[in-house]
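Observations on chain architecture
Each chain is listed here by its residues.
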Amino acid sequence: MTHDGTTAGAGSGPGGTPPGPSPVQPDPTVDPVFSAEDSAPMADQSVSSPPSTPADPAFSGQPVTPAATPVAPVGAVDPVFAEPTTPAPTAAPSIMDDGDPGPGEPPAPSDVTLPPELAGAARTLFGDRLDLAAGYAELLATEGVVRGLIGPRETPRIWERHLLNCAAMAERIPEGASVIDVGSGAGLPGLVLAIARPDLTVTLVEPLARRTAFLVEAVEQLGLTRAVRVFRGRAEEAAAGTRDTPPLSADIVTARAVAALDRLAAWCLPLAVAGGRLVALKGASAAEEIAEHGAAVARLGGGEPELHRCGVGVIDPPATVVEVVRERVIGPARKKGPKRSRGGRRRGGRDRDR
Ligand SMILES: C[S@@+](CC[C@H](N)C(=O)[O-])C[C@H]1O[C@@H](n2cnc3c(N)ncnc32)[C@H](O)[C@@H]1O
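Residues numbered from 1 in each chain as written. Predicted model: local features only at pLDDT ≥ 70, side-chain atom pairs only at ≥ 80, totals over all residues. Heavy atoms only, no water.

In the nomenclature of an unreviewed UniProt entry, the protein chain corresponds to Ribosomal RNA small subunit methyltransferase G from the organism Micromonospora solifontis. Recorded in UniProt for the protein chain, the comment headed Function (unreviewed entry) runs: "Specifically methylates the N7 position of a guanine in 16S rRNA." Reading the Sequence similarities (unreviewed entry) entry of the UniProt record for the protein chain gives the comment "Belongs to the methyltransferase superfamily. RNA methyltransferase RsmG family." (UniProt positions renumbered as here; feature names shortened; annotations may be inferred.)

Here it is, written out as structure tokens:
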């Protein structure tokens, strides 16, 4: 397996509208999926509780071979990476500290049926995991809406704008790769990739408590606890490691609708193993982003950003992905100070004149 870290970031930057195969053009001023909460301060970014297991080979910073070291169950084993399962937001004020709008309504019947015209694409992309994808779509359309993670108007197009274009990214990810999905939100694209590709081990990195609570429950309900875990915190914290967890890294780092390419590279490249790749799902502005941020990406140790179309002949339009290889490992920037001689004296200073 090659070690490449791909970050898939779709959308036009922070809070941008995720791109998708829908012929319906998104409103450029609104992010219909993640609205009010995205502008909330990230008061809950820290890792929530200490680990119950001291060492976790799946998170040692080394590439993971899924068959040999299945990822531990989320929530049950390592609370550092997953919040305790909470049945409903109303019962757990501790997960509502990120601007939760208030008690949710009970899940209503959803309008998330796979449209017949997309059935072929869905079968191609999800194969025999199509039922699992349908289960996730249902969760998004019910609990996701109730908890304010998904706009209600988004439910009829969950398949075309979200599940299918995220699943299309899978073709850029090598067999058996470890994946870190930065800024997963409600699980896009990380959870979709884990559904479409049972060979992957996926870590969902998300700082907001209400979202990680949803992610943990979704992972449990979908039976993905061996392949997926949730890290509550920012990408920078995941890369640096916390008091309780070693630095995380993976072959591929994905992202969608998280940030513009320069900031995305700063957050995501440190999470990729050397030679790994950031795979970011991007929108129509992908080429301009590459032109604008290519130099910044290089300064961060990234190679030349490459643009790829995914799902050609399967979804229309295909998904646009920007990839950056982590070519060089760049350390933290050092502060410039006055030059000193080996003896610790300032060059050209008073001592020299004596
Ligand atoms: C617009 S949402 C996109 C969510 C999801 N990727 C999608 O496409 O639907 C951006 C997400 O990135 C998360 N985020 C912002 N800054 C982050 C950082 N430094 N590290 C990790 N996640 C971050 C936010 O909490 C939010 O959930």
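Additional details are given in the paragraphs that follow.
Further remarks concern the pairing of strand S4 (residues 250-256). Of all the seven residues making up S4, seven are buried; the element is thus mostly covered by neighbouring parts of the structure. Two elements, strand S1 (residues 178-182) and S4, share four bridges in a ladder whose sense is parallel. When the bridges of S4 are listed, valine 182 appears paired with alanine 255. Examined bridge by bridge, S4 and strand S5 (residues 272-282) share six bridges and lie parallel to one another. Looking at the pairing, alanine 250 lines up with alanine 272 of S5. (Buried < 20%, exposed > 50% of the residue type's maximum accessible area, 1.4 Å probe, protein only. Helix = DSSP H or I, 4+ residues; strand = E, 2+ residues; numbered from the N terminus. Pairing = 2+ DSSP bridges.)

What follows deals with unusual backbone geometry. Glycine aside, residues mostly have negative phi, and peptide bonds are mostly found in the trans state. The omega torsion of the bond from leucine 188 to proline 189 falls at 5°, within 30 degrees of zero and hence cis. Within the secondary structure layout, proline 189 lies in the loop between S1 and helix H4 (190-196). Proline 317 follows aspartate 316 through a cis peptide bond whose omega is 0°. Mapped onto the elements, proline 317 comes out in the loop between strand S6 (306-310) and strand S7 (319-325). In this structure, alanine 257 takes a positive phi of about 60° despite not being glycine.

Taken together, 20 residues form the shell around the ligand, and within it Gly183, Leu188, Glu206, Arg211 and Arg256 come nearest. Here an oxygen atom of the ligand sits 2.6 Å away from a polar atom, N or O, in the side chain of glutamate 206. Residue glutamate 236 places a side-chain N or O atom 2.9 Å away from a nitrogen atom belonging to the ligand. For the ligand, whose free accessible area comes to 600 Å², the fraction covered by protein is 96%. Of the residues contributing to the shell around the ligand, the split by class is 10 nonpolar, three polar and seven charged. (Near = heavy atom within 4 Å. Polar contact = N/O pair within 3.5 Å; in protein donor to acceptor, adjacent residues only side chain to side chain. Areas by Shrake-Rupley, 256 points an atom, 1.4 Å probe, with all protein chains shown as cover. Nonpolar A, V, L, I, M, F, W, Y, C, P; charged D, E, K, R; others polar.)

Consider a sheet: its strands pair through backbone hydrogen bonds, and that pairing is either parallel or antiparallel. Pairing in this open sheet of seven strands is mixed, and the strands run S3-S2-S1-S4-S5-S7-S6 from one edge to the other. Looking at which strands have only one partner, the edges of the open sheet turn out to be strand S3 (228-232) and S6. With strand direction ignored, the average angle separating the axes of adjacent strands in the sheet is 25°. Its contacts with the sheet place helix H5 (residues 209-221) against strand S2 (201-206) and S3, and it is angled at close to 165° to S3. (Axes fitted to C-alpha atoms, helices over the stretch in contact; angles between N-to-C directions. Contact = heavy atoms within 4.5 Å.)

Turning next to the side chain of arginine 147. Tracing the backbone through its elements, the reader meets arginine 147 in the loop between helix H2 (130-146) and helix H3 (158-168). Residue arginine 147 is classed as buried on the basis of its relative accessible area, which comes to 2%. A polar contact of 2.7 Å, which involves the side chain of arginine 147, links it to the side chain of glutamate 217.

The description of two aromatic rings rests on the distance between their centres and on the angle between their planes. Going through the model one piece at a time under the given rule, you end up with one aromatic pair. The ring of tryptophan 267 carries the charged tip of arginine 234 above its face, separated from the ring centre by 5.7 Å. (Phe/Tyr/Trp six-rings, centres within 6.5 Å; stacked < 30°, edge-to-face > 60°. Lys NZ or Arg CZ within 6 Å of the ring centre and 35° of its normal.)

With that out of the way, let us pick up the nonpolar core. Among the nonpolar cores identified, the biggest contains 55 residues, and Phe126, Tyr136, Trp159, Leu163, Leu164, Leu191 and Val228 are the most heavily contacted of them. Residues within four places of tyrosine 136 in sequence aside, it is in contact with Leu163, Ala186, Gly187, Leu188, Leu191, Val192, Ile195 and Leu222. Ala239, Leu264, Cys268 and Ala280 belong to the second-largest nonpolar core, a separate cluster that totals 28 residues. (Core = buried A, V, L, I, M, F, W, Y, C linked by side-chain atoms within 4.5 Å.)

Another point: the pattern of salt bridges. Under the counting rule described, the total for this entry stands at 10 salt bridges. The partner of arginine 147 in a salt bridge is glutamate 143, with the nearest N and O atoms 2.7 Å apart. Residues glutamate 154 and arginine 161 are paired through a salt bridge, measuring 3.4 Å at the closest nitrogen-oxygen approach. Among the residues examined, glutamate 154 registers a relative accessible area of 1% and is labelled buried. The exposure class assigned to arginine 161 is buried, which follows from its relative accessible area of 1%. A single network of salt bridges, built from pairs that share partners, joins Glu143, Arg147 and Glu217. (Salt bridge = Lys/Arg side-chain N within 4 Å of Asp/Glu carboxyl O.)

Before going further, it helps to spend a moment on the UniProt feature "binding site: S-adenosyl-L-methionine" (unreviewed entry) in the protein chain. As recorded in UniProt, the feature "binding site: S-adenosyl-L-methionine" (unreviewed entry) lies at Gly183, Leu188, Ala235, Glu236 and Arg256. Within the element layout of this structure, glycine 183 appears in the loop between S1 and H4. Within the secondary structure, glutamate 236 sits in helix H6 (residues 235-240). With a relative accessible area of 33%, glutamate 236 lands in the partly exposed category.

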